[in-house]
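Okay, here's what each chain looks like letter by letter:
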Amino acid sequence: MDNIKDKNTILYPPVYIAGPTASGKSALAVRLASVFDSVIISADSMQIYRGLDIGTAKESVEIRNRIPHKLIDVVNANEEFSVAEFAQMAKAEISNAQNCGKLPIIVGGTGLYFESLLYPMSFANTIKNPELREELQAELQKNGALAMHNKLESLDKETADRLHVNDTKRIVRALEIILSTGKTLAQNSDERQEPDVIMIALDTDRAALYERINERVDKMFHDGLVNEVLSVGNFDYQSMQAIGYKEFAACHYQKNDGEYVVDDEELVQIKDKIKQHTRNYAKRQLTWFRKYPFVKWFDVNDQDDAIAYLTQEIEAKSKSQSSECQKI
């Protein structure tokens, strides 16, 4: 891309918007982008996959054409993507947005993605132990995901409670860290200096949040989730281990005129599982983000107050700079 020299550009601080799934984070980011010239950077570990649109609740193409969105559709569904790769790409996008005089808005619900940006020397960059990792991978192949999750729970219950039993990549990584350092992730976090950032999170009454989740899942099925999932089909892919996709792994289906058809009764069971798994995931997300003392919390219905707070913080922390930006 072309480099553009721009003198006296406003340097905006990055803004972080977090919270559980279905809490309205993306809508709030879009609203904030209507106040400031912005770039929205996804911190969602599933939106990086091309072709997985419905189950990951990506914003519409119209919105993404109107407001630049980054770290969406980065890799194919059959490819893997790590926290370290996210951190490297996200930092570059944040820096370029700032150099171009745009407000970088990091929005999503993947706790480890936020962790890699808020604490650069933490999870993604902790001391590596390739030999131990190979041993843990072999142990995973021999004993299975549940055994590894139980092992992590015995060593670091707080982290185990945040990770789904099938999230084997992060479970192995967490085990590698604790067995290498002798400390839990929380103990490592206690030694870190809290970042000076603008970060908010959304929450609401538990029953209301669960209703929002149920409605979102219903809409996904209405919009064609079944066809999206089964058209990929290979449940060994990392991408297909996510909620909304993995629940289809054992389903029986037929293909008629290009459409995948699942028995109605089985479809109801799959939908119920997705809703339950999503609700459980939302609880883990809340647990993760509540550990950050610098986060300002807002109810999902108080978006006007959130925008007012963010606007005040952004204006207070903005300054001018000389910069050279890469065309966005």
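Source: prediction; values computed, not measured.

Cut-offs used in this document
Residues numbered from 1 in each chain as written. Predicted model: local features only at pLDDT ≥ 70, side-chain atom pairs only at ≥ 80, totals over all residues. Heavy atoms only, no water. Phe/Tyr/Trp six-rings, centres within 6.5 Å; stacked < 30°, edge-to-face > 60°. Helix = DSSP H or I, 4+ residues; strand = E, 2+ residues; numbered from the N terminus. Buried < 20%, exposed > 50% of the residue type's maximum accessible area, 1.4 Å probe, protein only. Pairing = 2+ DSSP bridges. Contact = heavy atoms within 4.5 Å. Axes fitted to C-alpha atoms, helices over the stretch in contact; angles between N-to-C directions.

K.L.:
Report on the packing of aromatic side chains, specifying residues and quantitative values.
P.N.:
Taken as a whole and judged by the stated rule, the model has ten aromatic pairs. Each ring, one from Tyr 16 and one from Phe 114, has its centre 6.3 Å from the other, and the planes form 55°; the classification is tilted. In this pair, Tyr 16 is assigned in strand β2 (residues 15–18) and Phe 114 in helix α4 (residues 111–118), connecting sequence segments 98 residues apart. A single burial state applies to Tyr 16 and to Phe 114, both of which are buried. Ring centres of Phe 86 and Tyr 113 lie 3.9 Å apart, and the angle between their planes is 10°; this geometry places the pair in the stacked category. Within this pair, whereas Phe 86 is found in helix α3 (residues 83–99), its partner Tyr 113 is found in helix α4, the two being separated by 27 residues in sequence.

K.L.:
Tell me about the sheet that holds strand β9 (residues 296–299), residues and numbers included.
P.N.:
Spatial strand order, β4-β3-β5-β2-β6-β9: six strands in an open sheet with parallel pairing. With one partner strand each, in any of the chains shown, β4 (69–70) and β9 form the two edges of the open sheet. Pairing analysis gives five bridges linking strand β3 (residues 38–42) to strand β5 (residues 103–107), with the strands arranged parallel. Paired with Ser 38 across the bridge in β5 is Leu 103. Here α4 sits on the sheet in contact with β2, β5 and β6 (198–203), set at roughly 160° to β2. Across the face of the sheet, helix α12 (residues 264–289) comes into contact with β2, β6 and β9 while running at roughly 145° to β6.

K.L.:
Outline helix α1 (residues 25–33), listing residues and values.
P.N.:
For α1, the set of buried residues is Lys 25, Leu 28, Ala 29, Val 30, Leu 32 and Ala 33. Those residues of α1 that are buried lie in contact with β2, β3, α2 (61–66), β5, β6 and α13 (303–317).

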